[in-house]
Amino acid sequence: AQYWTFPEEGYLAWSSGNWTAAAGRLRTGIGLGSENVFLNGDARWYDQVQFSWFTSKFRFFSFIATSSSHLEDNEYTIQSYTTSDGDDSWGWDTINNHDAATQAVIPLKLFTYHRLEFKPFERVGFGIGEMQLVGGKVPELGNLLPTLAWHNTYSAGVSNVMAHVDAWAVPVKGLLAYGEFVMDDSRAPKETGASKPNCWAWDLGAQWVLPVS
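Throughout this description, residue numbers start from 1 for each chain and increase along the sequence as written. Given that the model is predicted, a residue must reach a pLDDT of at least 70 before its local features are reported, and side-chain atom pairs must reach 80 or more before they are shown or counted; all residues, however, enter totals for whole chains, interfaces and linings. Each side-chain value is derived from all of the structure's non-hydrogen atoms; neither hydrogens nor water enter the calculation.

Visitor: Explain the packing of aromatic side chains residue by residue, including any values.
Guide: Aromatic pairing here means that ring centres of Phe, Tyr or Trp (its six-membered ring) are within 6.5 Å. Orientation follows from the plane angle: under 30 degrees is stacked, over 60 is edge-to-face, and everything else is tilted. A full pass over the atoms with the stated rule returns eight aromatic pairs. Plain terms: the ring middles of F38 and Y113 are 5.1 Å apart, the flat faces sit at 80° to each other, and that makes the pair edge-to-face. Separated by 75 residues along the polypeptide, F38 in the loop between β2 (19-26) and β3 (46-54) and Y113 in strand β5 (residues 109-121) bring together distant segments of the chain. The buried label applies to any residue whose accessible area, calculated with a 1.4 Å probe on protein chains only, is under 20% of its type's maximum; exposed applies above 50%, and partly exposed to all values in between. Given the relative accessible area of 5%, Y113 is considered buried. Relative to F63, the ring of F61 has its centre 5.6 Å away and its plane inclined at 35°; by these criteria the two rings are tilted. We classify F61 as buried; its relative accessible area is 5%. For F63, a relative accessible area of 2% translates into the label buried. R25 extends its terminal NZ or CZ atom over the ring of W45, reaching a point 3.8 Å from the ring centre. Think of it this way: any DSSP run of H or I at least four residues long counts as a helix, any run of E at least two long counts as a strand, and we number them from the N terminus. Our definition puts a charge over a ring when NZ of Lys or CZ of Arg is within 6 Å of the ring centre and also within 35 degrees of the ring normal.

This is the structure we're talking about:
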């Protein structure tokens, strides 16, 4: 019963003119293809609140969600681990790595996604997006705003961001070609002493639909 996730789908949704909104438990993917890199549409469900606004040329999509709303035991232990002054062992700064308002570890874990799409032509489109993981703290306004990869990733608590770009085209009727690139960390050539390597992912795909009535 510990991993019981019933119901796997249940939500309320609204739409009017050029916008939609939904809240509840449902599948959500970002990008093209059934197993895209940025946010996999094949995942069973996310508990979420989402919003989208669109025109013939643009679409903006944003949501805040979770698939596991509490820090795991090891995540909580890392967040609450401290070291005293003068101790050479590694540890978290109790002021800068915990919730700024309470100076405590909040066992909450969620993530936000923002995405902007542009279709300059009927058969060509581009997308750019960001993801931010927020954990161990109460979300702040800066964690929720769509400011792409410029979020302060050194804010209190568990924090991480990823950036995403993709493009797609329909060169001939029935054929969809697409590609995407995701960046978590990137190191410039002169940053030889940086501890984090380049963390990139990419995906290329195509779908062919037979003309049937």
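Visitor: Account for the pattern of salt bridges, naming residues and giving values.
Guide: A pair can form between side chains of opposite charge whenever their charged atoms are brought close. We define a salt bridge as a contact between a side-chain nitrogen of Lys or Arg and a carboxyl oxygen of Asp or Glu at a distance within 4 Å. Tallying each qualifying case throughout the model produces five salt bridges. Between R25 and D47 there is a salt bridge, with the nearest N and O atoms lying 2.7 Å from each other. In this pair, R25 is assigned in strand β2 and D47 in strand β3, connecting sequence segments 22 residues apart. Overall, R25 belongs to the buried group, its relative accessible area being 17%. As a salt-bridge pair, E117 and R59 come within 3.3 Å of each other at their nearest N and O atoms. With E117 in strand β5 and R59 in strand β4 (residues 58-66), the pair connects residues that are 58 residues apart, well separated along the chain. Several salt bridges converge on common partners, so that one network encompasses R59, R115, E117 and D166.

Visitor: Can you tell me about the side chain of K109, naming the residues and giving the values?
Guide: Assignment of secondary structure puts K109 in strand β5. Relative accessible area serves as the criterion here: at 15%, K109 is assigned to the buried category. Residues are treated as being in contact if the distance between any of their heavy atoms lies within 4.5 Å. Aside from chain neighbours lying at most four places away, what touches K109 is T66, S68, S69, H70, L71, E72, E75, L133, V134 and G135.

Visitor: Give me the lowdown on a nonpolar patch on the surface, citing residues and values where you can.
Guide: Residues L12, W14, W19, F51, W53, F58, L116, F118, F126, I128 and V165 make up a contiguous nonpolar surface patch of roughly 1,000 Å² in combined accessible area. Looking at the nonpolar patch, the elements that each hand over two or more residues are β1 (10-16), β3, β5 and β6 (124-135). Two joining distances apply to patches: 9 Å for like charges and 5 Å for nonpolar side chains (Val, Leu, Ile, Met, Phe, Trp, Tyr), and every residue must have over 30% relative accessible area and no salt bridge. The Shrake-Rupley method, run with a 1.4 Å probe sphere, supplies the accessible areas, and residue values consider only the shown protein chains as cover.

Visitor: Which residues make up the pairing of strand β8 (residues 175-185), and what are the values?
Guide: Pairing between strands is defined by DSSP: at least two bridges between the two strands are required. Sheet topology places strand β7 (residues 158-169) next to β8; seven bridges connect them, and they run antiparallel. Looking at the pairing, W168 lines up with Y178 of β8. The hairpin turn running from β7 into β8, its antiparallel successor, is five residues long, and G174 in that turn takes a positive phi close to 100°. Relative to strand β9 (residues 199-208), β8 runs antiparallel, the two sharing ten bridges. Residue A177 lies in a different strand from β9, and its bridge partner there is A206.

Visitor: Would you mind going over the environment of T55 in detail, with residue names and values included?
Guide: One can find T55 in the loop between β3 and β4. Assessed through its relative accessible area of 32%, T55 is described here as partly exposed. Between the alpha carbons of T55 and G17 there is a distance of 9.6 Å; along the sequence they are 38 residues apart. Any pair of nitrogen or oxygen atoms within 3.5 Å is treated as a polar contact; in protein, a donor-acceptor pairing is required on top of that, and neighbouring residues in sequence qualify only through side-chain atoms on both sides. There is a polar contact of 3.3 Å between the side chain of T55 and the backbone nitrogen of K57.

Visitor: Please provide a residue-by-residue account of the environment of A169, values included.
Guide: Tracing the backbone shows A169 in strand β7. On the basis of relative accessible area, A169 is assigned to the partly exposed category, the value being 25%. Taking the C-alpha atoms as reference points, A169 and G179, ten residues apart in sequence, are found 9.5 Å from one another. If sequence neighbours within four positions are ignored, A169 has contacts with R123, V124, L175, L176 and A177.

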